[in-house]
Amino acid sequence: MNLGFPLFPEQASAMAPRVDALFFVLVGVSVFFATLISLAIVVFAFRYRRRSANERPAEISGDLRLEVLWTVIPLLFTLVMFAWGAKLYFETYTPPRNALEIHVVAKQWMWKAQHPEGRSEIDELHVPRGRAIKLLLTSQDVIHDFFVPAFRIKTDVLPGRYMMVWFQPSRAGVYRLFCAEYCGTQHSGMLGHIVVMAPSEYQKWLGSGPGEDTVAGAGARLFQSLGCAACHGEKNTERGPALAGLFGTRVRLRDGKAALADENYLRESIVNPQAKVIAGYQPIMPTFKGLVSEEGILQIISYLKSLEPREGTREAQ
Ligand code: CUA
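Residues numbered from 1 in each chain as written. Predicted model: local features only at pLDDT ≥ 70, side-chain atom pairs only at ≥ 80, totals over all residues. Heavy atoms only, no water.

Caption draft 1: Focus on the packing of helix α4 (residues 215-225) against helix α7 (residues 294-306). For the pair α4 and α7, the least separation of the axes is 7 Å and the interaxial angle reads 100 degrees. Between α4 and α7, the angle is such that the two are roughly perpendicular. Contact residues: α4 offers Val215, Ala216, Ala218, Gly219, Ala220, Leu222 and Phe223, while α7 offers Gly296, Leu298, Gln299, Ile300, Ser302, Tyr303, Leu304 and Ser306. Among the residues forming the contact of α4 with α7, the class breakdown is 10 nonpolar, five polar and no charged. (Axes fitted to C-alpha atoms, helices over the stretch in contact; angles between N-to-C directions. Helix = DSSP H or I, 4+ residues; strand = E, 2+ residues; numbered from the N terminus. Parallel < 35°, antiparallel > 145°, perpendicular 65-115°, else oblique. Contact = heavy atoms within 4.5 Å. Nonpolar A, V, L, I, M, F, W, Y, C, P; charged D, E, K, R; others polar.)

Listed below in structure tokens is the structure:
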């Protein structure tokens, strides 16, 4: 069926039926009131038409009960729509803790994805059915937009920061991925496919690639080759803070403020180290901007996340 020009995308994620329910209620309410108002205009135009040249209508002074009624009813409708929409929005952008994290880097004009086990792919994304998938997305040039209609997810992918979105594919199949933000001459060709597989097939697919290192393992090698360990090694913590157990904690900064050490914080600390220096340290770290790719930064962050907290580190969030 759905190959030509589908009027409505199929529902292939756990969120899809819930988004559609809200959408249909919004359309239903709009159609109901649009019809009601259109009919009222036609009926009143006939009923209150001018019947003779010297006809004078009676003066109307207003009706408080009517005013209150048609203010309160639409207010209740819009409040319900707002609360319902906000709930779905927050759920879409708040991944569950056990989600499988996949990195996506957009560039003119392709989508590059890397799985935690190390396998990477371009313009395709293989995922297991039924599992919550969290995407950590960034762009290496301009603004793109990751849009999978069948999953009802869509998020801008911005250079210089990480966006997060998640979905739980409910049906095996191949679904279209679009770039939904004009990003240059080949924007319309920036397409991809999401391949949803049975979990066992996904495991097989992961194993069928070239024997790559895990993302965290690749990050560990970058950490060594870029010389990070010279200041952030386990024993050398005079010039830079130790990084084990740092992720997800709230850190105190030199200027007295605090920051949550999340993915965006770690990325900023690599490309713009002077921005948020941890209390007790000097702003002496050089920038690594341009020295490491977006994929590399994501790998280093994965490595830092994988480091177990040591004894007596900061309290976790
Ligand atoms: Cu990328 Cu449009």
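Caption draft 2: Focus on the nonpolar core. One finds Trp111, Leu135, Phe146, Phe151 and Ile194 to be the most contacted residues of the largest nonpolar core, which totals 34 residues. Setting aside anything within four residues of it in sequence, one finds Ile194 in contact with Leu125, Val127, Phe146, Val148, Phe151, Gly173, Val174, Tyr175 and Leu177. Residues Leu246, Tyr265, Ile270 and Leu298 belong to the second largest nonpolar core, which totals 27 residues. (Core = buried A, V, L, I, M, F, W, Y, C linked by side-chain atoms within 4.5 Å. Buried < 20%, exposed > 50% of the residue type's maximum accessible area, 1.4 Å probe, protein only.)

Caption draft 3: Here's a closer look at the sheet that holds strand β10 (residues 191-197). The strand order β4-β10-β9-β6-β7 describes an open sheet built from five strands, whose pairing is mixed. Unpaired on one side and paired on the other, β4 (124-128) and β7 (153-157) mark the two borders of the sheet. Averaged over all adjacent pairs, the angle separating strand axes in this sheet is 20 degrees, with direction ignored. Summarising the sheet, strand β6 (residues 144-148) and strand β9 (residues 173-179) pair through two bridges and their orientation is antiparallel. In the strand pairing of β9, Phe146 is matched with Cys179. Seen against the sheet, helix α3 (residues 199-207) touches β4 and β10 and runs at an angle of roughly 130 degrees to β4. (Pairing = 2+ DSSP bridges.)

Caption draft 4: Geometry of the sheet that holds strand β2 (residues 110-114). Across the sheet, which stays open at both edges, the five strands sit in the order β3-β2-β1-β5-β8 with mixed pairing between neighbours. Because the sheet does not close on itself, it has two edges, and the strands there are β3 (120-122) and β8 (163-167). Strand-to-strand twist across the sheet, computed as the mean angle between neighbouring axes with direction ignored, equals 25 degrees. As paired strands, strand β1 (residues 100-107) and β2 are joined by five bridges and run antiparallel to one another. Each residue of the ladder has a partner; that of Lys107, found in β2, is Met110.

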